[in-house]
Amino acid sequence: MSRNPYVESRDPELADLLAREEARQYYTAKLIPSENYASNAVMEATGTVLANKYSEGYPHKRYYEGQQFIDPIEEMAVHRATALFGADHANVQAYSGSPANLAAYVALIKKKSDNKRILALSLNEGGHLTHGHKVSVTSRFFEAHHYTVDRDTHLIDYDAVRERALEVQPAVIVAGATCYPRIIDFARFKAIADEVGAKLLADIAHIAGLVAGDAHPSPVPYADVVTTTTHKTLRGPRGGLILCTNAMARAVDRAVFPGLQGGPHNNTIAALAVALKEAAAPEFRAYARQIVVNSRALSDALLAGGARVITGGSDNHLVLFDATPFGATGKQGAVAMDVAGLEANANTVPFDPRSPMDPSGVRLGTPALTSRGMGAAEMAKIGQWICEAVRSRDNETELLHIREQVRDLMAAFPAPGFEGGVPPRSLLDA
Ligand code: DSN
């Protein structure tokens, strides 16, 4: 039976693409560190009538009537977020991570202030576009400066960050990354921010689930504002979440609405409430810890296969390796892996001599495979396949041979969100 019977009867063309994407997701090793499998309950909440409702404003202060059930749903999500992360205040309305970061800057930097400087990790060394990259509006509205990682170790050098902060005198220091495989020392960032009179923004989009599950130190005791997406390690719906101190609560709420957004996506907020409940359960702590165990196992397997793993390993959910010692670019490596059923993305390595469109590295992560119940033994196999796929990138027979083994492995580890029906493998060749 179709997993989407109503779409199938109304729009068979779309239903066909959906069914094939379901099969692709099910039988591919999802190694993109920012992706995951949301539970059936999260997906069910996302597809509810709450999507029909407008509710600009905040609970009990709305611009539309009919909020009898919307208000308690938003309050539930807020309460679960503050309880899970131990934060004073939560805003659950940000549409995703990029709008959340923009809202955070708007809240942290006063309109009339002369100091609009932000200091963040550079994109090529693991930062994010919204950390003031030149193509992002964050660099148009604010004055962006960057710190990098150490040239030899590729670790954040906190003394160097301090020196940059003393030089730049930023209004906001951003601690957080989209491609950094090690622990971030938020206490050090706070000490640096205090020394230069800056506010601290922690962007934990990638590691929110690890923080929630106590597998990475929390920034909440240190940061004025914490932003995150909700669909990565946190395994919720596609959305954004902002946590902050009581002192920042009003400014954050006003920055999100009416500052930057209109009506909140109530269906997403309800799904976030479900995800936060799931993340508060004891199993989620075990999940978060297993993500890290798996990253270490994956990185060990890559090292054993001859890969140059950036920083030599991983302390979180993410592993980055340089494909050039295999004679491939990152893009060639990621494309070969995709043919072999191993889904990842090309990424710059620190101080990459190549361009971001055609970088040297491949970025991997274990959150999604860990959601399927895989452990270190499966990571060892997958690490070996990755090295073989990148080495054999011009050998289609070998890539397809790996792909069959990957598909067998995926079939043995059911993915969350597919309890209503496993996609037929035959769809892969349709
Ligand atoms: N696009 C996300 C990632 O893949 O890391 C960051 O926003």
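The sections below set out a description of the structure shown in this document. Bear in mind that the values here come from a model prediction, so they are computed numbers and not experimental data. (Residues numbered from 1 in each chain as written. Predicted model: local features only at pLDDT ≥ 70, side-chain atom pairs only at ≥ 80, totals over all residues. Heavy atoms only, no water.)

## Brief notes about the sheet that holds strand β6 (residues 143–147)
So the rule is basically this: Only strands joined by at least two bridges in the DSSP assignment are considered to pair. Strands are runs of DSSP state E lasting at least 2 residues, helices are runs of H or I lasting at least 4, and numbering of each runs from the N terminus. Axes here mean lines fitted to C-alpha atoms, for a helix over just the part in contact, with angles spanning 0 to 180 degrees between N-to-C directions. Only heavy atoms matter for contacts: two residues are in contact if any of them lie within 4.5 Å across the pair.
What the seven strands build is an open sheet, ordered β4-β10-β9-β8-β7-β5-β6; its pairing is mixed. Strands at the two margins of the open sheet, each flanked by one partner only, are β4 (89–91) and β6. Taken over all neighbouring pairs, the strand axes of this sheet differ in orientation by 20° on average, direction set aside. Relative to strand β9 (residues 225–229), strand β8 (residues 199–203) is paired through three bridges, and the arrangement is parallel. Bridging from a neighbouring strand, Ala202 pairs with Val226 of β9. The sheet contacts of helix α8 (residues 186–196) involve β6, β7 (172–176) and β8, and relative to β7 the element is tilted by about 175°.

## With respect to the pattern of salt bridges
What counts, and what does not: By salt bridge we mean one thing: a side-chain nitrogen of Lys or Arg within 4 Å of a carboxyl oxygen of Asp or Glu. Relative accessibility under 20% of the residue-type maximum defines a buried residue, over 50% an exposed one, and the middle range a partly exposed one, all with a 1.4 Å probe and only protein chains included.
Under the criterion given, the structure shown has 20 salt bridges. A salt bridge links Arg182 to Asp315; the nearest nitrogen and oxygen atoms lie 3.0 Å apart. Of the two residues, Arg182 is situated in the loop between β7 and α8 and Asp315 in the loop between β11 (308–309) and β12 (318–322); the sequence distance between them amounts to 133 residues. Each member of the pair Arg182 and Asp315 is classed as buried. For Lys190, the salt bridge goes to Asp194, with nearest N and O atoms at 3.1 Å. Remark: Asp194 and Lys190 occur in helix α8; sequence separation between them is four residues, near one turn of the helix. Bridged by salt links that share partners, the residues Glu404, Arg407, Asp408, Arg425 and Asp429 form one connected network.

## Section: the sheet that holds strand β15 (residues 361–365)
Here we have four strands laid out as an open sheet, ordered β11-β12-β15-β14, and antiparallel in their pairing. Every interior strand has two partners, whereas the edge strands, β11 and β14 (345–347), have only one. With two bridges joining them, β11 and β12 adopt antiparallel strand pairing. Note that in β12 the partner of Arg308 across the bridge is Asp322. Contacting β11, β12 and β15, helix α12 (residues 282–304) crosses the sheet at an angle of about 15° to β12. Of the strands in this sheet, β12, β14 and β15 touch helix α13 (residues 330–339), which is tilted by about 45° from β15.

## With respect to the packing of aromatic side chains
The relative placement of two aromatic rings is captured by the distance of their centres and the angle of their planes. Our working rule: Pairing of aromatic side chains here covers Phe, Tyr and the six-membered ring of Trp, requires ring centres within 6.5 Å, and sorts the geometry by plane angle: under 30 degrees stacked, over 60 edge-to-face, intermediate tilted. Note on geometry: a ring has a charge over it if NZ (lysine) or CZ (arginine) is within 6 Å of the ring centre and within 35 degrees of the ring normal.
Summed over all chains, the structure comprises 11 aromatic pairs. Plain terms: the ring middles of Tyr26 and Tyr27 are 5.1 Å apart, the flat faces sit at 70° to each other, and that makes the pair edge-to-face. Each member of the pair, Tyr26 as well as Tyr27, is classed as buried. Look at Tyr105 and Phe142: their rings are 5.4 Å apart centre to centre, the planes differ by 55°, and that puts the pair in the tilted class. Residue Tyr105 is located in helix α5 (residues 97–108), and its partner Phe142 is located in the loop between α6 (137–141) and β6; the two are separated by 37 residues in the primary sequence. For Phe142, a relative accessible area of 9% translates into the label buried. Feature note: the residues Tyr26, Tyr27, Tyr37 and Phe418 constitute an aromatic cluster, connected by ring pairs. Above the plane of the ring of Tyr37 lies Lys30, whose end atom (NZ or CZ) is 5.0 Å from the centre.

## Topic: unusual backbone geometry
In this structure, Pro258 follows Phe257 across a cis peptide bond, with omega equal to 10°. The residue His60 is not glycine, and still its phi comes out positive at about 70°. In this fold, His60 is placed in the loop between β2 (57–58) and β3 (61–62). In this model, Arg235 sits at a positive phi of 65°, which is unusual for a non-glycine residue. By the secondary structure assignment, Arg235 is in the loop between β9 and β10 (240–244). The class of Arg235 is buried, set by a relative accessible area of 17%.

Purely spatial values, then, with no claim about function.
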